[in-house]
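Chain and residue survey
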Amino acid sequence: MFINHLTLGWKPFFQQQLTLDELSSTIAARIVAIHRSHIQVLIPDASFSIDTQLCAKLQPLAVGDWLLFEATLLQDNARPLRRLSRLSLIARKAVGEQVAVQPIVSNIDTLFIVSSCNQDFNISRLERYLVLASEARVTPVLVLTKSDQCADVDDFVAQARTLQPGLMVEVCDARDPLQLQGLQAWCKVGQTVALVGSSGVGKSTLINSLCQQQALTQTIREDDAKGRHTTTARTLYVMDSGGLLIDTPGMRELQLLSCEEGVQSVFADVEVLINNCRFSNCTHENEPGCAIQQALTTNQLDPRRWKNYRKLLKEQQRNAETIAQQHQRDKQFGRLCRNIQREKQKRKNIND
Ligand SMILES: Nc1nc2c(ncn2[C@@H]2O[C@H](COP(=O)(O)OP(=O)(O)OP(=O)(O)O)[C@@H](O)[C@H]2O)c(=O)[nH]1
Ligand SMILES: [Zn+2]
């Protein structure tokens, strides 16, 4: 396969960020894996390993980011000049008590939300993933696997379609590449796809079926800067139709972070109803003229959907609060440091 920047997902959006000077003197490389000690980047005909320390000023970085390097200096452990702005970003709540954003995958075009046509199928979970996709600004495609084990596939599809007008839903036996033709539109050269879904729904199976040839991946060395072979799982695949597929461990367990926009977009109908309540501070419990209560009574609004909306919003508010509090704390700490510094300086001046 002919490999160029387009193959790696390069788009006018990135090109436009380069100055005239940069156009001639730099080269952009895409991050394909982030390990503890090093970051692996890819250009059309080579892969390089960069010590994480050299990227300290650019952190946090995500798999899928584009980094700019001096063209003449691009080699193992070259220092990246900067990171290009992202077209899309999937982030998650970082582990720990405090809520912090941890970027996972960037610059992807499509998110395959994978579920199987069995007890794993959970409409609220799917809705949550839709919020995530909307927040990340990527196109969601719902992939329903294990259709071969299910007698009433249409029922699952019908339920899924209620989630969002125009939502793309594909049904397949993930083991059979011929059944994945419907997904090809999102897997073409220049496109980048990521997968989410619970354990066992068939993500690895899908990857195997979409990437049977893996032509480009052979050119990606899995060695670190010192030439040692690393045993970390592969994170980047080239699909048979030419697109890239990113599968990082972080994507396999995702939590929503700040997702107000995503909630607003996925639940646009609910927000319209809320705007129709008679009182602007309606709690939607028992106020007269409550459009939500009325929609629930007339079955215009699914109680499950209403419950999930409230749950996601609450989660989002809690997270946002924590971030705000965190900023407040950082500010106070900064002030404290400055005061101490000033105090020290004063004393020094007196002693001088
Ligand atoms: N019959 C059938 N089996 C499937 C299908 N998709 C996946 N499987 C099987 O389901 C099992 C789990 O599939 P995986 O691809 O490992 O699932 P996964 O989502 O990658 O799971 P994790 O790695 O835990 O996240 C395997 O035994 C697959 O062969 C399908 O469409 N039909
Ligand atoms: Zn109301």
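- An unreviewed UniProt entry annotates the protein chain as Small ribosomal subunit biogenesis GTPase RsgA originating from Zooshikella ganghwensis.
- Quoted straight from UniProt, the Sequence similarities (unreviewed entry) entry for the protein chain says "Belongs to the TRAFAC class YlqF/YawG GTPase family. RsgA subfamily."

Here's the deal with unusual backbone geometry
- Residues Gln 59 and Pro 60 are joined by a peptide bond in cis, for which omega reads 0°.
- Its location among the elements puts Pro 60 in the loop between β3 (46–51) and β4 (66–70).
- Not every positive phi belongs to a glycine, and Asn 107 is a case in point at roughly 55°.
- Unusually for a residue other than glycine, Arg 137 sits at a positive phi of about 65°.
- Here Arg 137 lies in the loop between α3 (123–136) and β9 (139–145).
- Classification of Arg 137 by relative accessible area gives exposed; the value is 58%.

A closer look at the pairing of strand β1 (residues 26–34)
- Burial analysis of β1 places seven of its nine residues in the buried class, the great majority of the element.
- Direction of pairing for β1 relative to β4: antiparallel, over a ladder of five bridges. Bridge assignment links Arg 30 to a residue of β4, and that residue is Trp 66.
- Inspection of the sheet shows β1 paired to strand β2 (residues 38–43) by four bridges, in the antiparallel sense. Note on β2: the bridge partner recorded for Ile 31 is Val 41.
- If you look at the hairpin formed by β1 and β2, you'll find three residues sitting between the two strands.

What about the coordination of the zinc ion (ligand 2)?
- Looking at the zinc ion (ligand 2), the protein donor atoms are Cys 277 (SG), Cys 282 (SG), His 284 (ND1) and Cys 290 (SG), and they sit 2.1 to 2.4 Å from it.
- Every donor counted, the four donor atoms about the zinc ion (ligand 2) form angles of 100 to 116° at the centre, which fits tetrahedral coordination.
- As a motif over one chain, the donors of the zinc ion (ligand 2) read C-x4-C-x1-H-x5-C. The same class applies to Cys 277 as to His 284, namely buried.

The rules we used
- Residues numbered from 1 in each chain as written.
- Chains lettered and ligands numbered in written order.
- Predicted model: local features only at pLDDT ≥ 70, side-chain atom pairs only at ≥ 80, totals over all residues.
- Heavy atoms only, no water.
- UniProt positions renumbered as here; feature names shortened; annotations may be inferred.
- Helix = DSSP H or I, 4+ residues; strand = E, 2+ residues; numbered from the N terminus.
- Buried < 20%, exposed > 50% of the residue type's maximum accessible area, 1.4 Å probe, protein only.
- Pairing = 2+ DSSP bridges.
- Donors = N, O, S within 2.8 Å, 3.2 Å for Na, K, Ca; no water.
- Tetrahedral: all angles 85-135°; square planar, octahedral: opposite > 155°, others 65-115°.

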